[in-house]
Every structure is written in structure tokens, then in C-alpha cells.
Amino acid sequence: MASLVSRVPRLFQAVGRTLAAQATRGYADAAAPVGMSFTFGSPGAAFYNAATNVRQVDVPTFSGDIGILPSHVPTLAVLKPGRLSVYEDEGNVNHFVVSSGSVTVNEDSSVQILAEEACRLEDIDPGLARSGLEKAQQQLSAASTDAERTEAQVAIEFHEQVVKAIE
Amino acid sequence: MLSRTALFVPTCTQVRGMATLKEIRNRLKSVKNVQKITQSMKMVSAAKFSRAERELKPSRPYGTGANAFYDKVDIGQDLEKPKHLLVTMGSDRGLCGAMNSNINKLLKNYVKDNPDKEVKFITLGDKARQALYKTHPGYFMLTFSEFGRQPASFSDAADVAESIINSGYEFDVGQIYFNEYKSVVSYSLRPVPLHSLQSVSEADSLAVYDSLDAEVIRSYQEYQLASVLYACMKETNCCEHSARMTAMDSATKNAGEMIDKLTLTFNRTRQAVITGELIEIISGAAAL
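Here the structure is a predicted model, which is why all the values come from computation and not from measurement.

### Brief notes about the UniProt feature "domain: ATP synthase F1 complex delta/epsilon subunit N-terminal" (unreviewed entry) in chain A
Under the feature "domain: ATP synthase F1 complex delta/epsilon subunit N-terminal" (unreviewed entry), the UniProt entry names residues 42-118 of chain A. Helix and strand shares over residues 42-118 of chain A are 0% and 66% respectively, and the end C-alpha atoms of the span are 6 Å apart.

Structure, rendered in C-alpha cells:
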């Protein structure tokens, strides 16, 4: 994963343009007045710590992609590799790529998302992501044991989602 | 031939226990060497500590985030149930304050206070095993060493979580004990409840959570366990290095004081020797 992240955000400008387009879509206009307390972090970085300026979060989970608004019904879910989007009050949208982890929505409208690995979408080098996907595919064809095969499949799924998220 | 064994060997210590110059010089030298060692240990710990503290910052919200669910769902633990599991986090190396002895004391007392329960330990760090394995061999379920030398990573936590899950020990009551870092000079032992999959799925207040199936709860619980362990490991790392840094700092300071005192005594003794010699010479010359 670390190899995927480049400190040079090459696609930053391109992403910035799409951001502006998406931000105009009013997702959470009907949001309840209670704000959510949003925590999102990975072992190496904390992106949001009980932030209250978030109105919507789109999360990829194994039970399907879910959008969390304030006062969402309490639920637990398991994160799936993919793109996680955070819509802030001021109209900013932050996109992240996550690998796996857990999602908790509690009764008091607090949301905790813990990702095993997460980074900002603009920090990802698309070239590295694609070559990572190819490498993972080679790994799968070279795999001889079940464990290796599963590992390679997980890597492929992750890289596919990263590439998809960039596009 | 008969050889005579010396029964009485006159030792050369002075009558009033005054140290000779040579003795003081040797002692001074060894104290200086000790000071050099503690000084460099302090430097090493300081470097490791600054890294551990930097890494602790993002892991704090991670840990509180992982525990938030358990706090809110309020899963009760019935202490009267028979199977207990204690996970403790210490360190491999000593010279880091009371960190490890706090844990060892706690484990000993826990066993003493719960004589009719089945108590198992999982210990991270060699110190707890070294101290307790002889007296409590039957209690140890798993021990992890090589803990604290390198900063803990998430995969370490995942390894520990996996071995707890795969151990097959169906505990009713679980606790993680670790030292929580407060400041460079302060840390305290803190418990965090450890829940088994069964106790989570049987919790009453879980009913308010929507669209749950057994698979989701299982994966969620496993991941949460690793997250909680990870946060505790980071706290422990930070404590270890800060405690060692403080300990080595005061050791260096004490050695400095000792060196000052010894130097003073050394100079005084030297003066006394010179004065003694002068008196001998002068009185010798006067006698002629």
C-alpha cells in the first residue's frame, strides 16, 4: 500500500475539477439539525476526530455502499476496499481510499470509521496503482497454495477498487 | 615439603577506613563510566520516545473510536463467571520505572483475589514472563516477546488478536491492562474490557443496531479487537520509552552528584597526603 501513495499529487488538478462538479449536488439538504460526531482514522493517521462539521459520509461496505447522514439508524458494518467520501458543511468534499476496517454508527449519531489503511485520493499515484494491479494479477497466476491465492485475490480486489476510485 | 599457608594476611586498609587515593580514583572512574552509559541510554530513549509520541497522536482517536461502540452498547461483564482472561502489555527490557512491576503486582493479586476462577494470562513483553513464570506457570496461555524494541505496527496487533481468537479459550471476563501515557513523568495502569464474540452478540442493546448478521458481527468484532490492541500497544510503547528516559535522566544526574562528591574527597585526600609528606620532610630536616 505504501508503494501506492506518492507524495506528489499528480492528479490533483483533475480531481479538483470533478470535486467542484460533485459539490453542487445537494445530498443532505433534508438532514436533521443534529450534527454527527465523526471520527475517521487509520493506524497511522487521524483524519477526523469527533468532527461536527460533516453532513454526509459515503462508505463502501460488504453489505453494500451506504451513505451516512446525521441521525442514521445505528448499525455496524465492515469496510470494503473502495472510495470513501466525506461531505463537509462548507461544501467541501474529501475523498479517501480505504482498504478494510470497521464502520460504527451509534444511537447518539456518532460515527466511527476505522480503516486498516487509508489515504487521500489525491495522494495516490495512478501509475503505481495500475502497475500494482498487474503485479497482483501475476501473483495470482503464480500462486501455488490456497493462502497465497487468497492473498493475491485480496490484493487484486484492493487495486481494482483503487483504480476505479481514481477514474 | 611442608608449605606454610598464610593464616593471617595483613590487609592494607587504613585504620580509620579512610580510602586511599587509588581507591578513590578507581571508584571515580567507574562512576564516570556508568554516567556515560546512562547518558547514552537516555539519548537513545529520547529518540525512540519522540517517535513513539508522534505515532501515539493518530492512534489515540483510533483507540477511542474502537472503544466507543463498547462504551455505548454497554456490554456487562459478570465477574462471577468462571473463565477470566488478562492481556497485559509490558516491555522486554527493564530500567523503565514501575511499568512492569505494576503489571506483575496486578497479575499476582488478581490470581490471589480470584482463587476459584480459571484465570489465564496473555502477556506482551518478556518482563512479566520472567517475573511470574516460576511461581504461576499454569496461568500463562500465550506470551509475546520482542515487544517494544520496534514500534508496534498494526500487523503486530492483528497477530495478537488472531492468536487470541484462535486460542479457543472461551473467556467470560476479559481485560487488557496497559500503562496509559499522560506526560513524560506520569503514566498509570488502566484496564480496557475485552469482549468475546459471544458476549457481544448476546448484548441486549445490540438490538437497536440495524441490519446485522452473524458474519458482520464476527468480522467487526475481530477488527475492533485488533484496533483496541493496537491503540494499547502504542500507549505502552510511549510509556516505556518515556519512563526509561526519565529513569536514565535521574541516574545520570545522580552519577553527576556522586562524581562531584568523589572529586572533592579525592582532592582533599591528595592534599592530606602532600601535607603528611611535607611534615615528614620538615621534621626529618629539623631532626638533623
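On we go from here.
### Quick notes on the confidence of the model for chain B
Residues and elements named next belong to chain B. In this model, chain B carries an average pLDDT of 89, and 94% of its residues clear a pLDDT of 70 or more. No element of chain B has a lower mean pLDDT than helix α5 (residues 197-201), which averages 85, and none a higher one than helix α6 (residues 214-287), which averages 94. Scored as a complex, the prediction yields pTM 0.83 and ipTM 0.76.

### Digging into the sheet that holds strand β1 (residues 83-89) of chain B
Residues and elements named next belong to chain B. With mixed pairing, the 5 strands of this open sheet are ordered in space as β3-β2-β1-β4-β5. Strands with a single pairing partner mark the edges of an open sheet, and in this sheet they are β3 (140-144) and β5 (186-193). Across the sheet, the mean angle from the axis of one strand to that of its neighbour is 20°, orientation sign disregarded. Lying on the sheet, helix α2 (residues 99-113) is in contact with β1, β2 (118-124), β4 (173-183) and β5; it crosses β1 at an angle near 170°. Strands in contact with helix α4 (residues 154-166) are β1, β2 and β3; relative to β3, the strand with the most contacts, it is inclined by about 165°.

### A look at helix α3 (residues 146-166) of chain A
Spacing of three or four residues puts side chains on the same side of an α-helix, whose turn is 3.6 residues. All names here are of chain A. Taking 1.5 Å as the rise per residue, α3 with 21 residues should run 30 Å; its terminal C-alpha atoms sit 30 Å apart, in good agreement. Those residues of α3 that sit buried are A152, A155, I156, F158, H159, Q161, V162, V163, A165 and I166. Buried residues along α3 sit in contact with β6 (82-88), β7 (93-98) and α2 (126-142).

### Focus: the confidence of the model for chain A
Taken over all residues, the pLDDT of chain A has a mean of 80, while the share at 70 or more is 80%. Note that residues 1-32 of chain A has pLDDT below 50 and, in this model, 37 contacts with residues that lie over four places away or in other chains.

### Some words on the interface of chain B and chain A
Counting residues at the interface gives 23 residues for chain B and 28 residues for chain A. Between chain B and chain A the total buried area reaches about 2000 Å² when both faces are included, carbon and sulfur atoms providing 69% of it. When the area that chain B buries against chain A is broken down by residue, the three leading residues are Y62, Y220 and Y223 of chain B, summing to 27%. Notably, a salt bridge pairs K72 of chain B with D108 of chain A, separated by 3.3 Å at the nearest N-O pair. Linking chain B with chain A are 11 residue pairs in polar contact (both at pLDDT 80 or more). Going through the elements one at a time, α1 (21-73) and α6 of chain B are the ones with two or more residues in the side of chain B that touches chain A. Looking at the side of chain B that touches chain A residue by residue, the class counts come to 15 nonpolar, 6 polar and 2 charged.

### Looking at the pattern of salt bridges
Residues and elements named next belong to chain B. What the rule picks out here adds up to 14 salt bridges over all chains. Of the charged contacts, one joins K234 and E55 as a salt bridge, the two residues approaching to 2.5 Å between their closest N and O atoms. Taken together, the residues K234 in helix α6 and E55 in helix α1 connect sequence positions 179 residues apart. Among the residues examined, K234 registers a relative accessible area of 2% and is labelled buried. In this structure, E222 and R218 form a salt bridge, with 3.0 Å as the shortest nitrogen-oxygen distance. Taken together, the residues span about one helical turn, with E222 and R218 both in helix α6 at a distance of 4 residues. Overall, R218 belongs to the partly exposed group, its relative accessible area being 35%. One connected set of salt bridges, linked through shared partners, spans R51, E55 and K234.

### Regarding the state of the cysteines
Residue and element names in this part refer to chain B. The full count for this structure, using the stated rule, is 0 disulfides over all chains. C238 supplies the cysteine sulfur nearest to C239, a cysteine that is in no disulfide, at a spacing of 6.6 Å. Accessibility expressed as a relative area gives 0% for C239, which makes it buried.

### Looking at the nonpolar core
Nonpolar side chains in soluble globular proteins tend to be buried together. Residue and element names in this part refer to chain B. Judged by nonpolar contacts, the single largest core of 40 residues is most densely connected at F69, V87, M89, I164, I176 and L229. Secondary structure elements with two or more residues in this core: α1, β1, β2, α4, β4 and α6. When residues in this core are grouped by element, the largest group, 10 residues, is from α6. Beyond its immediate stretch of four places on either side in the chain, V87 contacts I122, L124, I164, Q175, I176, Y177, L194 and L229.

Rules and cut-offs
Residues numbered from 1 in each chain as written. Chains lettered and ligands numbered in written order. Predicted model: local features only at pLDDT ≥ 70, side-chain atom pairs only at ≥ 80, totals over all residues. Heavy atoms only, no water. UniProt positions renumbered as here; feature names shortened; annotations may be inferred. Helix = DSSP H or I, 4+ residues; strand = E, 2+ residues; numbered from the N terminus. pLDDT = per-residue confidence, 0-100. Pairing = 2+ DSSP bridges. Axes fitted to C-alpha atoms, helices over the stretch in contact; angles between N-to-C directions. Contact = heavy atoms within 4.5 Å. Expected span 1.5 Å × (residues − 1). Buried < 20%, exposed > 50% of the residue type's maximum accessible area, 1.4 Å probe, protein only. Buried area = accessible area lost by both parts, 1.4 Å probe. Salt bridge = Lys/Arg side-chain N within 4 Å of Asp/Glu carboxyl O. Polar contact = N/O pair within 3.5 Å; in protein donor to acceptor, adjacent residues only side chain to side chain. Nonpolar A, V, L, I, M, F, W, Y, C, P; charged D, E, K, R; others polar. Disulfide = S-S within 2.5 Å. Core = buried A, V, L, I, M, F, W, Y, C linked by side-chain atoms within 4.5 Å.

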